[in-house]
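Coordinate analysis (summary)
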Amino acid sequence: MPQTIAELNSKFAIRDHITFTEDEPGLPKMRIATAASDATLYLYGAHLTQWTPRGGNPVLYLSPKSPLTAGKPIRGGIPVLFPWFGPRWNASEYDAAHGTTSPMHGFARTTVWTVDRVHLDPTGEVEVTLSLPEDEQAKAFGFPDFHATLEFRIGKELHMTLSVTNRSKEAVPFEEGFHTYFAIGNIHAVRVLGLRGSTYIDKRDNLTRKVQRETELAFSRDVDQLHVNTSEPLILQDPANHRAIHILKTGSHSTVVWNPWTVLTPNFPDLAEDSWEHFACVEVVNAADDRITLEPGATHGMAMAISVTSL
Ligand SMILES: O=P(O)(O)OC[C@H]1O[C@H](O)[C@H](O)[C@@H](O)[C@@H]1O
């Protein structure tokens, strides 16, 4: 049974700091206001749409045109992609055999997650653990005995850990991603560091494999790159906002960089014409060459830590 707003508030709310509401039908969310940060975490998709460290500026971009409608992904914030990244790798065979339509980037981002735990630290840091329901939908898409939990630590820094356990008797492949939309001041001046030497699949050039030669990845056109076999930490420099965003990853071997630019933006009805100037996606992922095969009884963890410094 899904948790009701009344149940969530009676069990997990903390006066003046944590409340649950459902302003859009089917999209319950948690509002966080503490000495360390302000944040909005939708249980729908386990989707953090807003995070502002106290005394700082919003770190995440949320599209003003985003649908906030059950069944549709939210555009912006941190979509959680699971159990596949992009189009499902075996969609045609799987869907033909099971009469399903595997949605882009998996079903986790359009599912209401369960709240398992909420804890407020005296420093204002909030810990939240959510789990993905093991329901008919998970079964229909071929992940019946997968237990996925997402632990958030939300404060001056943001920490997220997705842990997946295979409780079935067979090894099961899956993909995953934190598809973070970072709010930026001037896309032309933004640089992403940490990818030099990595091989990437260029989704804007027929999936051609290329090597990142430059130390700094700059944006001067539409970018959709899946870098494989890289666990390096990343830095997103945003001189217009006088800040650098540091992204540490653990258990993630792929990094995706995405900006639709003027060319692709019109394909996205939930993005305004000039939206591409206001965000850059740097995504902590396991996909393609880095797809994970989880043995029976095994657990895999993927973690991301984000901090902001001035530049
Ligand atoms: O529109 P969405 O399903 O949210 O996907 C948005 C984008 O996500 C990732 O960055 C992929 O690499 C892109 O190919 C995709 O266009």
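Residues numbered from 1 in each chain as written. Predicted model: local features only at pLDDT ≥ 70, side-chain atom pairs only at ≥ 80, totals over all residues. Heavy atoms only, no water.

Turning to the UniProt feature "active site" (unreviewed entry) in the chain, a few remarks are in order. When the UniProt feature table is mapped to this numbering, "active site" (unreviewed entry) covers His-179 and Glu-283. Separation in sequence by 105 residues is not matched in space for these annotated residues, since their most distant C-alpha atoms are only 4.7 Å apart. Inspection of the secondary structure puts His-179 in the loop between strand 11 (176-178) and strand 12 (181-183). For His-179, the contacting residues outside a window of four places in its chain are Gly-77, Ile-78, Pro-79, Leu-81, His-105, Trp-258, Cys-281 and Glu-283. Of note, Glu-283 is situated in strand 21 (residues 279-286). The buried category is assigned to Glu-283, whose relative accessible area is 1%. With sequence-adjacent residues up to four places away left out, Glu-283 is seen in contact with Phe-85, Phe-178, His-179, Thr-180, Ser-254, Thr-255, Val-256 and Trp-258. Of note is the side chain of Glu-283, whose polar atom sits 3.4 Å from the side chain of His-179. (UniProt positions renumbered as here; feature names shortened; annotations may be inferred. Helix = DSSP H or I, 4+ residues; strand = E, 2+ residues; numbered from the N terminus. Contact = heavy atoms within 4.5 Å. Buried < 20%, exposed > 50% of the residue type's maximum accessible area, 1.4 Å probe, protein only. Polar contact = N/O pair within 3.5 Å; in protein donor to acceptor, adjacent residues only side chain to side chain.)

Take the pattern of salt bridges next. This structure, assessed with the given rule, holds 15 salt bridges. Residue Glu-24 is joined to Lys-29 by a salt bridge in which the shortest nitrogen-to-oxygen separation is 3.6 Å. Residue Glu-24 is classed as buried on the basis of its relative accessible area, which comes to 16%. Under the relative-accessibility criterion, Lys-29 is labelled buried at 6%. Put simply, Asp-205 and Lys-210 hold a salt bridge, and the shortest N to O gap is 2.8 Å. (Salt bridge = Lys/Arg side-chain N within 4 Å of Asp/Glu carboxyl O.)

Once that is clear, we can look at helix 2 (residues 91-98). Looking only at helix 2, the buried set comprises Ala-91, Tyr-94 and Asp-95. Buried residues in helix 2, looked at end-on, bunch into an arc of 90°, giving them a common side. In helix 2, the exposed positions that point more than 90 degrees away from the buried face belong to Ser-92, Glu-93, Ala-96 and Ala-97. Looking at the buried positions of helix 2, the neighbouring elements they touch are helix 3 (136-140). Directly after helix 2, the chain includes Gly-99, whose backbone phi takes a positive value near 65°. (Arc of directions from axis to C-beta.)

Under the criterion given, the structure shown has 15 aromatic pairs. When the ring of Trp-258 is compared with that of Phe-268, the centres are 5.4 Å apart and the planes differ by 75°; the resulting orientation is edge-to-face. Of this pair, Trp-258 sits in strand 20 (residues 254-259) while Phe-268 sits in the loop between helix 4 (261-264) and strand 21, placing them ten residues apart in sequence. Residue classification places Trp-258 among the buried positions, given a relative accessible area of 7%. Phe-268 sits in the partly exposed class, given a relative accessible area of 22%. Through a chain of ring-to-ring contacts, the aromatic side chains of Phe-82, Trp-84, Phe-107, Phe-141, Phe-143, Phe-146 and Phe-174 assemble into a single cluster. Seen from the ring of Tyr-94, Arg-88 lies directly overhead, with NZ or CZ sitting 3.9 Å from the centre. (Phe/Tyr/Trp six-rings, centres within 6.5 Å; stacked < 30°, edge-to-face > 60°. Lys NZ or Arg CZ within 6 Å of the ring centre and 35° of its normal.)

Below, the discussion takes up the environment of Gln-225. Looking at the element boundaries, Gln-225 is found in strand 17 (residues 223-228). For Gln-225 and Val-257, which are 32 residues apart along the polypeptide, the C-alpha to C-alpha distance reads 5.3 Å. At 2.8 Å, the side chain of Gln-225 forms a polar contact with the side chain of His-227.

Spatially, nine strands are ordered 6-7-8-9-23-19-18-13-16 in an open sheet, and the strand pairing comes out antiparallel. The outermost strands of the open sheet, each flanked by one partner alone, are strand 6 (114-120) and strand 16 (216-218). Here the strands of the sheet are splayed against their neighbours by 15° on average, with no regard to which way each runs. Looking at chain direction, strand 7 (residues 126-131) and strand 8 (residues 146-154) are connected through six bridges and run antiparallel. Looking across to strand 8, one finds that Val-128 is bridged to Phe-152. (Pairing = 2+ DSSP bridges. Axes fitted to C-alpha atoms, helices over the stretch in contact; angles between N-to-C directions.)

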